[in-house]
Amino acid sequence: MNKLAARPYNCKEDGCKMCFELERLHSDTARKSEETHLIVECKDVETMERWIKIITKEIADLKRGADIFSNPKLFQ
């Protein structure tokens, strides 16, 4: 999951602002046969913004955890 990005997505519907995109980063080479982009449609803009915020925070926490495990002396 730390090789994922979440961002707003302007879908094909005119003026729709309720979708967001999950994109697997190019650095994730382990899952070449899987989809690289997912579009998620939410019921409203507030829900979309909340999900993007939650997913982005989780990704940052995973990256921080990976950094701690790879070099624990930096975080003492």
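Residues numbered from 1 in each chain as written. Predicted model: local features only at pLDDT ≥ 70, side-chain atom pairs only at ≥ 80, totals over all residues. Heavy atoms only, no water.

J.: Any chance you could explain the environment of Lys3 here in plain terms?
T.: One can find Lys3 in the segment before strand S1 (4-9). Its relative accessible area of 34% is what places Lys3 among the partly exposed residues. Residues Lys3 and Leu25 lie 22 residues apart in sequence; the distance between their C-alpha atoms is 5.4 Å. (Helix = DSSP H or I, 4+ residues; strand = E, 2+ residues; numbered from the N terminus. Buried < 20%, exposed > 50% of the residue type's maximum accessible area, 1.4 Å probe, protein only.)

J.: Even after reading the chapter, I still don't get the pattern of salt bridges, so can you show me in this structure?
T.: Any two side chains of opposite charge can pair if their charged atoms end up close together. The tally for this structure, following the rule as stated, stands at 3 salt bridges. For the salt bridge of Glu21 with Arg7, the shortest nitrogen-to-oxygen distance reads 3.7 Å. Taken together, the positions of Glu21 in strand S2 (residues 19-24) and Arg7 in strand S1 put the pair 14 residues apart, joining distant regions of the chain. Exposure remark for Glu21: the relative accessible area of 11% places this residue in the buried category. The closest approach of N and O atoms between Arg7 and Glu23, which form a salt bridge, is 2.4 Å. Placement of Arg7 in strand S1 and of Glu23 in strand S2 is noted, with a sequence separation of 16 residues between them. Bridged by salt links that share partners, the residues Arg7, Glu21 and Glu23 form one connected network. (Salt bridge = Lys/Arg side-chain N within 4 Å of Asp/Glu carboxyl O.)

J.: I would appreciate a short explanation of the sheet that holds S1 in the present structure.
T.: Strand-to-strand pairing in sheets goes through backbone hydrogen bonds, with the strands running parallel or antiparallel. The antiparallel open sheet is built from 3 strands, whose spatial order is S1-S2-S3. Looking at the sheet topology across the chains shown, the edges are occupied by S1 and strand S3 (37-41). Averaged over neighbouring strand pairs, the angle between their axes works out to 25° when direction is ignored. Here S2 runs beside S3; their pairing, made up of 5 bridges, is antiparallel. Residue pairing in the sheet places Glu23 in a bridge with His37 of S3. The strands that helix H1 (residues 45-70) touches are S1 and S2; relative to S1, the one it contacts most, it runs at about 165°. (Pairing = 2+ DSSP bridges. Axes fitted to C-alpha atoms, helices over the stretch in contact; angles between N-to-C directions. Contact = heavy atoms within 4.5 Å.)

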